[in-house]
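Fold and geometry: a report
This is what each chain is made of:
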Amino acid sequence: MIHVKKAFVIGHPIKHSRSPLIHGSWIAEHGIEGSYEAIDVAPDELPAFVERLRQGEFAGGNVTIPHKEAVFALCDSVDPLATTIGAVNTLVRRSDGQIHGFNTDYMGFLGNLDQNAPGWDQNLEVALVLGAGGAARAILVALQSRSIPIILLNRTRATADRLASELGGDITIGALDEVNEAAPLAGLIINTTSVGMHGSRFEDFDLGELRPDTLVTDIVYVPLVTPLLADARALGLRTVDGLGMLLHQAVPGFEAWFGVRPEVTQALRAKIEATL
Ligand code: ATR
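The present account deals with the structure reproduced in this document.

Criteria and cut-off values
- Residues numbered from 1 in each chain as written.
- Predicted model: local features only at pLDDT ≥ 70, side-chain atom pairs only at ≥ 80, totals over all residues.
- Heavy atoms only, no water.
- Salt bridge = Lys/Arg side-chain N within 4 Å of Asp/Glu carboxyl O.
- Helix = DSSP H or I, 4+ residues; strand = E, 2+ residues; numbered from the N terminus.
- Buried < 20%, exposed > 50% of the residue type's maximum accessible area, 1.4 Å probe, protein only.
- Contact = heavy atoms within 4.5 Å.
- Axes fitted to C-alpha atoms, helices over the stretch in contact; angles between N-to-C directions.
- Parallel < 35°, antiparallel > 145°, perpendicular 65-115°, else oblique.
- Left-handed = near helix turned anticlockwise from the far one by under 90°.
- Nonpolar A, V, L, I, M, F, W, Y, C, P; charged D, E, K, R; others polar.

**A look at the pattern of salt bridges**
- If you walk through the whole model with that rule in mind, you get 13 salt bridges.
- Residue Asp114 is joined to Arg146 by a salt bridge in which the shortest nitrogen-to-oxygen separation is 2.8 Å. With Asp114 in helix α4 (residues 105-116) and Arg146 in the loop between α5 (134-145) and β8 (150-154), this pair connects stretches of sequence that are 32 residues apart.
- Taking relative accessible area as the criterion, Arg146 reaches 29% and is therefore assigned partly exposed.
- Notably, a salt bridge pairs Arg269 with Asp241, separated by 2.7 Å at the nearest N-O pair. Here the residue Arg269 occupies a position in helix α11 (residues 266-273), and Asp241 occupies one in the loop between β13 (238-240) and α9 (243-249), the gap between them amounting to 28 residues.
- Take Asp241: its relative accessible area is 10%, and that puts it in the buried class.
- Linked by salt bridges that have partners in common, Lys6, Arg52 and Glu57 make up one network.

**Topic: helix α1 (residues 19-29)**
- For α1, the complete set of buried residues consists of Ser19, Ile22, His23, Ser25, Trp26 and Ile27.
- Considering only its buried residues, α1 is in contact with β1 (5-11), β2 (34-40), β3 (60-63), α9, α10 (251-258) and α11.
- Positive phi shows up at Gly31, right after α1, with a value of about 60°.

**Let's talk about the packing of α5 against helix α6 (residues 157-167)**
- At a minimum axis separation of 12 Å, α5 and α6 run at an interaxial angle of 40°. When the axis of α5 is compared with that of α6, the two are oblique. As α5 runs across α6, the sense of the crossing is right-handed. Here α5 contributes Ala136, Arg137, Leu140 and Gln144 to the contact with α6, which in turn contributes Leu163, Glu166 and Leu167.
- In terms of residue class, the contact of α5 with α6 is built from four nonpolar, one polar and two charged.

Okay, here's the thing in structure tokens:
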């Protein structure tokens, strides 16, 4: 009998998820007897769905909005970094039926920069993170995993203050209107705010003062080239867009469920880019 391994992404709604296209491409590429499907699971159905996973119907899957926090209580074990980030986005069913939850967003951030800006974490005096919301947490954890000092600026300074105290480590905080003082110190600038979606921009951010070797990256990937990235490119600065983070965060889950470490290729990127 051929054992077909099944994986999923659950969310509510779920139809816009690009994960089935990413994982489906890897399943085909590696000739795996398996599937990856998007399943709409309403919040009150989450415990019953996780029980289906526990019973062995699936090898594991991804968890997205609105379940990334609620699923903690349904896991048998959770990776400590997922607890720090405050979100589980990947589940694996172990052979004894125990469900392990972890978070691959910080790995996606690192994988994206490692692939597209090799050496980015060497001789980096400080990284500047803009925004202190949910998405910022994974980025901060990623930077701390490489021992990189951080300046964290947020429109609401108190939120940055709370987040920095919670995480500990070398984080200097400030308000977003201090960006023009902070940015020239940074070798890496990461936008984690929603500024950039729908073509919006940081009106008062003067990129002209940045060091010429500064790397600018954005976690927003619709549009792929945000105004921040476009402005940085126009000045000849290095940039990495946010699509690579989405692709790279999928790698550890696929490897855990199907036993093959997949690659983020230019062809895969082009396929997903065509859907944006
Ligand atoms: P996510 O989970 O995607 O990070 P979030 O938790 O709502 O979303 O966080 C949004 C982030 O974008 C916050 O840092 C927010 O700043 P505040 O804490 O001051 O709200 C930031 N943000 C949203 N709109 C912004 C704007 N127009 N200018 C600057 N920052 C903005």
